[in-house]
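Chain residues, written in single-letter form:
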Amino acid sequence: MTTATTTERIYNFSAGPAVLPLQVLEKAQSELTNLNGIGMSIMEISHRSKAFEEIIARAEKGIRDLLNLPENYHVLFLQGGASLQFSMVPMNFLSKDRSADYILTGTWSKKAAKEAKRVGPVNIAATAEDGNFKRIPRQEELKLDEQAAYVHITTNNTIHGTQWRKEPETGNVPIVADSSSEILSRAIDVQKYGLIYGGAQKNLGPSGVTVVIIRDDMLKLVPDGLHTMLDYRVQVENKSLYNTPNTFGIYIIDLVCQWIRDKGGLAQMERENEAKAKLLYDAIDATDFYQGHAEREARSLMNVTFRLPSEDLEKQFAKEATAAQLDGLKGHRSVGGLRASIYNAFPREGVEALVSFMKEFERKNG
Ligand SMILES: *Cc1c(COP(=O)(O)O)cnc(C)c1O
């Protein structure tokens, strides 16, 4: 095995697993064989050890502090990805006579609704599928049920490149949100949410750990008789340690939270993310050669989707970009074109490099 150096790192636009802060990787590397002087790796110690207890407590506090979480919210580190939450959410909150509202804004929300339908009654309160999910439904379009157990939204649509920039008004019904591809990218009004979940591999850490933030009163809806591992109450009571969690993943989340805090917290993160996205959207809007997929008001700060005049040019763009060390730009097959994922850890210089590349590519091929 050869040793990689930081100068060999390229710009990684992958949608997920995605780029992590270099400082976090270097810190993890420096501690990999000997964590904090204990003579063992994070991957070799018991999840019941004092060393790990400190790490999971700090990771929880990191998320709490960044989001300013009130006392009545619990933070869980589960497994099974965001995809298992598609099932756990309805299993814990739905019943034959208690339905949920789902707003469909992309592939992931459709998958979430599909699992919920297996469990209980689901009302599709709105869908943006018409036009291939390029917009976010307007408030007036939502057919919400005042009696619903929750309203499910996907706050950032990783594949289509749209984002709820402001939560829908849902009255007394709590929002349950899949925030996999934007969690900790900006400040949010947590009180509107009954539950927020996200696979870590986009903005928080490696794959294999899912952060679930759950408001205490939601636990009252949980029916008895669920399988132990799938019952949020069990996970809360056992502080995510009912079974062996992804210890390495939680360790990285702790480091990522420290990195965000040192940068100035979520307000600063949001400013940087807005500035990065603006650079890219301005480049797309500058000429007709590039066409954004998402409507302007719905544009995501995290995943920027765009098309070129032909599929051949799109293929050529992705290929030449990769050769220029701009990796992972090929769009998802359901949208086509290109997608630049520019999560928290993606550096501004990488966006600037892509913008230069776009200008040059258009000059040669436009
Ligand atoms: C990636 C992604 C998922 C799937 O996450 P897994 O952890 O692979 O299950 C779900 N929702 C959104 C919004 C995503 O971006």
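Shown above is the structure to which this text applies.
Everything numeric in this text was worked out from a predicted model, so none of it was measured.

With that settled, consider the overall build of the protein chain. Within the protein chain, the regular secondary structure consists of 9 helices and 14 strands. Against the globule reference of 21 Å for 366 residues, the protein chain gives a C-alpha radius of gyration of 21 Å, in line with a compact fold. If you line up the protein chain on its principal axes, its C-alpha atoms span 65 × 60 × 30 Å. Taken over 366 residues, the protein chain has a buried fraction of 54%. Within the protein chain, contacts between residues at least 6 apart in sequence are counted, and of these 67% link residues at least 24 apart.

Moving on, we come to the packing of aromatic side chains. Applying the stated criterion to the full structure yields 16 aromatic pairs. Each ring, one from Tyr 290 and one from Phe 317, has its centre 6.2 Å from the other, and the planes form 80 degrees; the classification is edge-to-face. Taken together, the positions of Tyr 290 in the loop between α7 (265–286) and β11 (291–292) and Phe 317 in helix α8 (residues 311–323) put the pair 27 residues apart, joining distant regions of the chain. Phe 317 matches Tyr 290 in its accessibility class, with the two residues each being buried. Between Phe 306 and Phe 317, the aromatic rings sit 6.1 Å apart at their centres with planes inclined by 85 degrees, giving edge-to-face as the arrangement.

All right, on to α8 then. A rise of 1.5 Å per residue sets the reference length of α8, with its 13 residues, at 18 Å; its end C-alpha atoms lie 18 Å apart and thus fit the reference within 8%. Of the positions making up α8, those classed as buried are Leu 313, Glu 314, Phe 317, Ala 318 and Ala 321. The buried residues of α8 all sit within an arc of 135 degrees when viewed along its axis, so they share a single face. For α8, the exposed residues set more than 90 degrees away from the buried face come down to Asp 312, Lys 315, Lys 319 and Ala 323.

A separate point is the sheet that holds β11. Spatially, β11-β12-β14 is the arrangement adopted by the 3 strands of the open sheet, whose pairing is antiparallel. Bordering the open sheet on either side are β11 and β14 (338–341), each of which pairs with just one other strand. Packing against the sheet, α7 makes contact with β11, β12 (303–307) and β14, and its axis sits at approximately 10 degrees to β12.

The rules behind the values
- The residue count restarts for each chain, going from 1 along the sequence in the order it is written.
- A pLDDT threshold of at least 70 governs which residues receive local features in this predicted model, and a stricter bar of 80 or more applies before side-chain atom pairs are shown or counted, although totals over entire chains, interfaces and linings include all residues.
- As a rule here, side-chain values cover all heavy atoms of the structure and leave hydrogens and water aside.
- Numbered from the N terminus, helices here are DSSP runs of H or I no shorter than four residues, and strands are runs of E no shorter than two.
- Only C-alpha atoms enter the radius of gyration; for comparison, a globular chain is expected to reach 2.2 Å times N to the power 0.38, where N is the number of residues.
- The cut-offs for exposure are 20% and 50% of the maximum accessible area for each residue type, with area from a 1.4 Å probe on protein chains only; residues under the lower value are buried, those over the upper are exposed, and the others partly exposed.
- Residues are treated as being in contact if the distance between any of their heavy atoms lies within 4.5 Å.
- Note on aromatic pairs: the rings of Phe, Tyr and Trp (six-membered ring only in Trp) are paired at centre separations within 6.5 Å, and the planes decide the class, stacked below 30 degrees, edge-to-face beyond 60, tilted for the rest.
- To estimate how far a helix should extend, the number of its residues minus one is multiplied by 1.5 Å.
- Note that the arc is computed from the directions linking the helix axis to the C-beta atoms.
- Here, any two strands with at least 2 DSSP bridges between them count as paired.
- A fitted line through C-alpha atoms serves as each axis, taken over the contacting stretch for helices, and the angle formed by two N-to-C directions is quoted from 0 to 180°.

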